Amino acid sequence: MSRAAVLCGLGGALPERIVSNEELAAQLDTSDRWIRTRTGIGQRHVVAPGQSTSDLAVAAGAQALASARGTAGQQDDGVDLVVLATSTPDRPCPATAPDVAHRLGLGGVASFDVSAVCTGFVYALATAASMITAGVAGRALVIGADTFSTILDPADRTTRAIFGDGAGAVVLRAGAAGEPGALLGFDLGSDGSGTDLITVRAGGSRQRSVPGPAAAGEEFFTMDGRPVFTRAVLDMSRSSQNLLERVGWSTAEVDKVVAHQANIRILNAVGEQLGLEEKQIVANLDRVGNTVAASIPLALRDAVAGGELQPGHRVLLTGFGGGLTWGSAALVWPELETGRPHR
């Protein structure tokens, strides 16, 4: 059989502090009912002062490495590649991944960041898998981590209600295409005409090349909700259908779809477009909100811990984010050794 990247470890981490809808309602013109009705979110986790994306990435990465060590039949060979998907790096320069690798005791390995916002984990997964199948790497740690609470406008009830902080991670190893856990294929795409729909306008070279400070509010994340909703549903559905055709699965043959946890309306709309039943769709956003690049691996982690995702299940991953970007991946879920979700 041909060489493939095989998922063999899984981990996740969330900040300790939980912000409920009721707490937001006490600060902003909103309510628990308003938030739940529009997003399906009941709470989210946010970092403490001084806590950063790398802190969560290290915690999730350590869990994924421990999971890989404990998985039956796997040896602790370490990893020779770390790919971190994030849009909230610790610093604009340098990348955060090398620091994460160092703190995990993986100094000297290749490590770099991938920025594709909410599609970041799928992009990072495809990047690491490609390097494994090409023989450039033997084992890879892929992390999705974001701390969007650090770039939100404190007065914006919409974005503060949606986003939470967190990190999720998987370990990939070189294996055979027919093994459970082997990544069977990817579908990736982008559309730069939608750059302004999901953005932080200040802080980059375009803003910094203009004399004077950034305009008020441009340091915060903004999103044009209505067109983003339409594009998210269209692009995740189309990407999923393209990949299913490529791997030879029908929608009915998919046991679990783990889509980016944007909001419940988007998840339901994607499900309708694909003709999915409710039991096929994994959702944990009610407890963690939209955790951006961490969204898909955290949903996987919770689904495994809760018994919803079982070995042998055919799994479709799909995401949509700023750029605009979208992407999907498919695999048959392996048997993993995992502990309880980090809270």
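Scroll up to find the structure this text is about.
We now turn to the structure provided with this report. Small disclaimer: the values here were computed from a predicted structure and weren't measured.

What follows covers the overall build of the protein. The helix and strand inventory of the protein stands at 11 helices and 13 strands. By the compact-globule yardstick of 20 Å for 343 residues, the protein fits well, its C-alpha radius of gyration being 19 Å. Overall size of the protein, expressed as C-alpha extent along the three principal axes, is 55 × 45 × 40 Å. Considering only contacts in the protein between residues 6 or more positions apart, those separated by 24 or more positions represent 79%. Of note, the protein has its 28 positive side-chain charges centred 2 Å away from the centre of its 35 negative side-chain charges.

The next point concerns the sheet that holds strand β5 (residues 110-114). Here five strands make up an open sheet; going across it, the order is β1-β7-β6-β4-β5 and the pairing mixed. With one partner strand each, in any of the chains shown, β1 (3-13) and β5 form the two edges of the open sheet. Taken over all neighbouring pairs, the strand axes of this sheet differ in orientation by 20° on average, direction set aside. Here strand β4 (residues 81-85) pairs with β5 via five bridges, running parallel. Note on β5: the bridge partner recorded for L84 is D113. With respect to the sheet, helix α3 (residues 53-70) is in contact with β1, β4, β6 (139-146) and β7 (166-176), its orientation differing from that of β1 by roughly 125°. Where helix α5 (residues 120-133) meets the sheet, it contacts β1, β4, β5, β6 and β7, and its direction lies at approximately 25° from that of β7.

For the rest of this paragraph, the subject is the pattern of salt bridges. The full count for this structure, using the stated rule, is 15 salt bridges. Note that R314 and E253 form a salt bridge whose closest N and O atoms lie 3.7 Å from each other. Of this pair, R314 sits in strand β12 (residues 314-321) while E253 sits in the loop between α8 (225-247) and β11 (256-259), placing them 61 residues apart in sequence. For D286, the salt bridge goes to R287, with nearest N and O atoms at 3.4 Å. According to the relative accessible area criterion, R287 is partly exposed, its value standing at 33%. Several salt bridges converge on common partners, so that one network encompasses D191, R231, D235 and R238.

Reading the values: the criteria
- Residues numbered from 1 in each chain as written.
- Predicted model: local features only at pLDDT ≥ 70, side-chain atom pairs only at ≥ 80, totals over all residues.
- Heavy atoms only, no water.
- Helix = DSSP H or I, 4+ residues; strand = E, 2+ residues; numbered from the N terminus.
- Rg over C-alpha atoms; globule rule 2.2 N^0.38 Å.
- Contact = heavy atoms within 4.5 Å.
- Lys, Arg positive; Asp, Glu negative; His and termini not counted.
- Charge placed at Lys NZ, Arg CZ, Asp CG, Glu CD.
- Pairing = 2+ DSSP bridges.
- Axes fitted to C-alpha atoms, helices over the stretch in contact; angles between N-to-C directions.
- Salt bridge = Lys/Arg side-chain N within 4 Å of Asp/Glu carboxyl O.
- Buried < 20%, exposed > 50% of the residue type's maximum accessible area, 1.4 Å probe, protein only.

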